[in-house]
Amino acid sequence: MTASAGTRLSLLQAVSSSLALLAVTSLMLGGCAAGPTASLDPPTLTPWDSASEAHGLDTRFVIYKGVADHTNRYRSVVSVGRYDPNATETDETCSGALIERRLVLTAGHCVCLPHAPTIPEDRSAFVIDGTRCAAEAAVNVVSYTPSQKFAGAARAVSEPYKGKVVPHPELKLWLSRKGMALGARADLAVIFLDEDVGADFPVTALSTEEVQPGTPITIAGYGLREWNARSSRIRRFGENRITEVLREAVSGSHYLLTVGEGAHILRGDSGAPCFHVIGGTPFVVGIATVVASEKREEEEPQFLSVFTSTNQYLPWLREQLGRAKALRQRDTGKNRR
Amino acid sequence: MPLQRTWLASVLPFITVLAACGGCSSESPAPSDSSRARSASDSMPPRASPAPSDMLPDKGEVSPQRGEVDVENRHSSVVMVRPYDPLNPEDDGGCGGIQIAPLLVLTAGHCVCVARKPANLTEVARIEPSTCAREAIVTTVTYEPSKKVPGAARSWTRADMGTVRPHPALQVLIGPDGSVTSSRADLAIILLDELEEDVTPAIVPLAETEAQKGDSILTVSYGYEESVGGAYGTRRLRRSHVLTSTDERVWLDEPAGSHSQGNSGSPCLRETPRSVELLGVSSRDLGGAPTCTSIHPYRDWLRDEIQRATPKGSAPP
């Protein structure tokens, strides 16, 4: 048991050191994070690790990260980041979805910082929970107009907003020393915007039905276009299919898994919504949590995208929607007076 | 026996993890960058030790790794440039440029002209006028500071197409190890088809004199920032000084760790107490050293191009 855990750790290290970006991350963490002294052994819980082994992967896999949303189909998908009132700029490094004119749904790890574990049960190097969240988050609403002159270009208008962060009360992620996710629970947070995005804004609704394996999904976000590539932060969307609905026993969390050819989440897509499109209308079924990649020699890696299923958290989400509506009505009343 | 599969689950916004060590700095760019820098060092003059701190501009709040964002829209003449590929129209380029006349954008030759691969691995790759794209996309970004969200800005982005006109003498030779063997006239003009907007940014004048050691340089670019997730497309200002210069090449004392890809073609502006003027065009991503191609030896060509692009009847700038 101990031996196998050790083997896995070294394999993870071998893979991560081959990825330049991860190597940088680990360097920066290693160089300055003084606090964490927790055991380096990853917890035995790695829900998507075992799931991935169950799926055969297509070796002809081609990375396909969707198309630019120049026709503005997913305007409700916004970029999200922690907001620091003293900073001279805002960093929107995540994505999210406007599910109400005053409410953005995103991943908890987008707005809350990792820290050393505070209880002995957490055997990972770092954890993310509700104790180190930013008070406020920055949100950018982006609208596109396709260029009349040539394909592949659009005008974009980006409008900044900010609001108060409320993480899910059960939020918890376990991270390795290199910042890799070993497990996650309720990786959700909402942002109550200071200001309404407008009465005519096409916000998206949450799905009230649980999705099944095989359900076609659309992923939309501001992440990078290709693995290890660099690109500008443009909203893209692409299609894929749910491979598996994982009901993880230990954490009690439900995840939607997508493996193989089709659109995947990449860096910057954390918090991005996964939609089930019914009759042309998108309904949120999941929020992007992590991507797992399989590194192959001289080949493009393959992906496993993991979304936190929103269905499981509908009672909490409805409560937040109710609060956002009440907030909006209260402010509207104030303005009238 | 099949290869054992190993999976790597990573939290997507690396900034979350990076931000965990606020205040610490790293001098480690991506390994590929540092190896490129090493391979290029042979062909470059030795870099002097970093400038003493009293020489550096007093901008305490600005991270040396990132540079400040141009939220005040002071440099809206600085644009993004990418060659137009009809088969891959969405492709993000990774270069900058500067409008030197309303319809004219100056960039680096290697931004819009590809390196023609050599017949065998021991020969050099060539960038020449014949290897240039016919057309390029120029993306302009306008910022306006947000009143509601302090520190944030509204932005407008638009794309225009133009014809690529490389300098006739353009020739960059790249060795098998990726280092620049020689570089001549690494400049290109993009002549925009039309400007649909009435917005004409303030045009920065061309420098009349050559670069001098110690000149204050402002580089304005949209480069990829690893610290914000490898994204491109935010206009940032970075300050440095001229270390040394030759006839057409200017070396800068860029602070360690500040390199991010996507800065080639961006303007190297000389700041004096009285003015800002265009000194050169960055070749930062070629060979890995912080250098600019000086426009000084090519100013006659630039003036001719500006003259040609200026509609008859209006005064040349």
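About the cut-offs
- Residues numbered from 1 in each chain as written.
- Chains lettered and ligands numbered in written order.
- Predicted model: local features only at pLDDT ≥ 70, side-chain atom pairs only at ≥ 80, totals over all residues.
- Helix = DSSP H or I, 4+ residues; strand = E, 2+ residues; numbered from the N terminus.
- Buried ≥ 20, exposed ≤ 12 C-beta atoms within 10 Å, placed from the backbone.
- Contact = placed C-beta atoms within 7 Å.
- Pairing = 2+ DSSP bridges.
- Core = buried A, V, L, I, M, F, W, Y, C linked by C-beta atoms within 7 Å.
- pLDDT = per-residue confidence, 0-100.
- Axes fitted to C-alpha atoms, helices over the stretch in contact; angles between N-to-C directions.
- Arc of directions from axis to C-beta.

Give me the overall build of chain A: which residues, what numbers.
Counting its regular elements, chain A contains five helices and 20 strands. In chain A, which comprises 337 residues, the share counted as buried stands at 50%. Considering only residue pairs separated by 6 or more positions, chain A has 70% of its internal contacts joining residues 24 or more positions apart.

Any details on the overall build of chain B? Residues and values, ideally.
Secondary structure assignment for chain B yields four helices and 18 strands. Split into buried and exposed, the 317 residues of chain B put 49% on the buried side. The contacts in chain B between residues at least 6 apart in sequence include a share of 68% that link residues at least 24 apart.

Got a sec to walk through the pairing of strand β4 (residues 103-106) of chain A? Specific residues and values, please.
All names here are of chain A. Taking every second residue as pointing to the same face, both faces of β4 are buried, with Leu103 and Leu105 on one and Val104 and Thr106 on the other. Relative to β4, strand β3 (residues 94-100) runs antiparallel, the two being bridged by three bridges. Its bridge partner lying in β4, Glu100 is registered against Leu103. In textbook terms, the turn of a hairpin is the stretch between consecutive antiparallel strands, and for β3 and β4 this stretch comprises two residues. Pairing between β4 and strand β11 (residues 189-193): four bridges, direction antiparallel.

Run through the nonpolar core, naming residues and quoting values.
Ranked by internal contacts, the top residues of the largest apolar core, which has 144 residues, are Val104, Val139, Leu175 and Ala189 of chain A together with Val81, Ala188 and Leu279 of chain B. A total of seven residues in this core trace back to one element, the largest contributor, which is strand β19 (residues 281-296) of chain A.

So what's going on with the confidence of the model for chain B? Which residues, and what values?
All names here are of chain B. With 69% of its residues at a pLDDT of at least 70, chain B reaches an overall mean of 75. Here helix α1 (residues 14-18) is the element of chain B with the lowest mean pLDDT, 29, and strand β5 (residues 104-107) is the one with the highest, 97. Confidence drops under pLDDT 50 across residues 1-64; counting only partners more than four residues distant or on other chains, this segment forms 138 contacts. Taken together, the chains of this predicted complex give a pTM of 0.78 and an interface ipTM of 0.76.

Outline the pairing of β11 of chain A, listing residues and values.
Residue and element names in this part refer to chain A. The buried fraction of β11 is high, at four of five residues. Pairing of strand β8 (residues 154-167) with β11 involves five bridges; the strand directions are antiparallel. Residue pairing in the sheet places Val166 in a bridge with Val190 of β11.

Describe in detail the sheet that holds strand β6 (residues 125-127) of chain B, supporting the description with residues and values.
Residues and elements named next belong to chain B. With antiparallel pairing, the three strands of this open sheet are ordered in space as β6-β9-β10. Each edge of the open sheet carries a strand with a single partner, namely β6 and β10 (180-184). Adjacent strand axes in the sheet meet at a mean angle of 10°, parallel and antiparallel pairs treated alike.

Describe the sheet that holds strand β6 (residues 126-133) of chain A, with residues and values.
Residues and elements named next belong to chain A. Taken in spatial order, the four strands of this open sheet run β5-β6-β9-β10, and their pairing is antiparallel. The sheet terminates laterally at β5 (112-115) and β10 (181-185), the two strands that pair on one side only. Within this sheet the neighbouring strands show an average axis-to-axis angle of 30°, counted without direction.

Requested: an account of the environment of Phe237 of chain A, with residues and values cited.
Within the fold, Phe237 of chain A resides in strand β15 (residues 236-241). Excluding anything up to four places from it in sequence, Phe237 of chain A contacts Gly66, Val67, Asp69, Arg73, Tyr74, Thr218, Ile219 and Ala220 of chain A.

Provide a residue-level description of the environment of Tyr83 of chain A, including the pertinent values.
Residues and elements named next belong to chain A. Inspection of the secondary structure assignment puts Tyr83 in strand β2 (residues 77-83). Residue classification places Tyr83 among the buried residues on the basis of 27 C-beta atoms within 10 Å. Sequence separation between Tyr83 and Lys164 is 81 residues; the distance between their C-alpha atoms is 9.4 Å. If sequence neighbours within four positions are ignored, Tyr83 has contacts with Thr90, Ala134, Glu136, Ala137, Ala138 and Lys162.

An account of helix α4 (residues 299-309) of chain B is needed here, citing residue identities and associated values.
Residue and element names in this part refer to chain B. All of the buried residues in α4 are Leu302, Glu305 and Ile306. End-on, the buried residues of α4 take up no more than an arc of 100°, which puts them together on one face. Every exposed residue of α4 that faces more than 90 degrees away from the buried side is listed here: Asp300, Asp304 and Gln307.

Before we move on, could you go through unusual backbone geometry and cite the residues and values that matter?
All names here are of chain B. One non-glycine residue, Asn73, lies in positive phi territory at about 60°. Among the secondary structure elements, Asn73 is positioned in the loop between β2 (68-69) and β3 (78-83). A positive phi is found at Ala185, a non-glycine position, where the angle reads about 45°. When you line up the elements, Ala185 lands in the loop between β10 and β11 (188-192). Residue class for Ala185 comes out partly exposed when judged on the 19 C-beta atoms lying within 10 Å of it.

Quick rundown of the confidence of the model for chain A? Include the residues and the values.
On average, residues of chain A score 77 in pLDDT, and 75% of them reach the 70 mark or higher. This model gives residues 1-63 of chain A a pLDDT under 50, and the stretch forms 118 contacts once residues within four places in sequence are excluded.

Break down the environment of Val124 of chain B for me, with residues and values.
All names here are of chain B. Secondary-structure assignment places Val124 in the loop between α3 (109-112) and β6. Residues Val124 and Gly214 lie 90 residues apart in sequence; the distance between their C-alpha atoms is 34 Å. The contact partners of Val124, leaving out residues within four places of it in the chain, are Pro118, Leu173, Ile174, Gly175 and Thr181.

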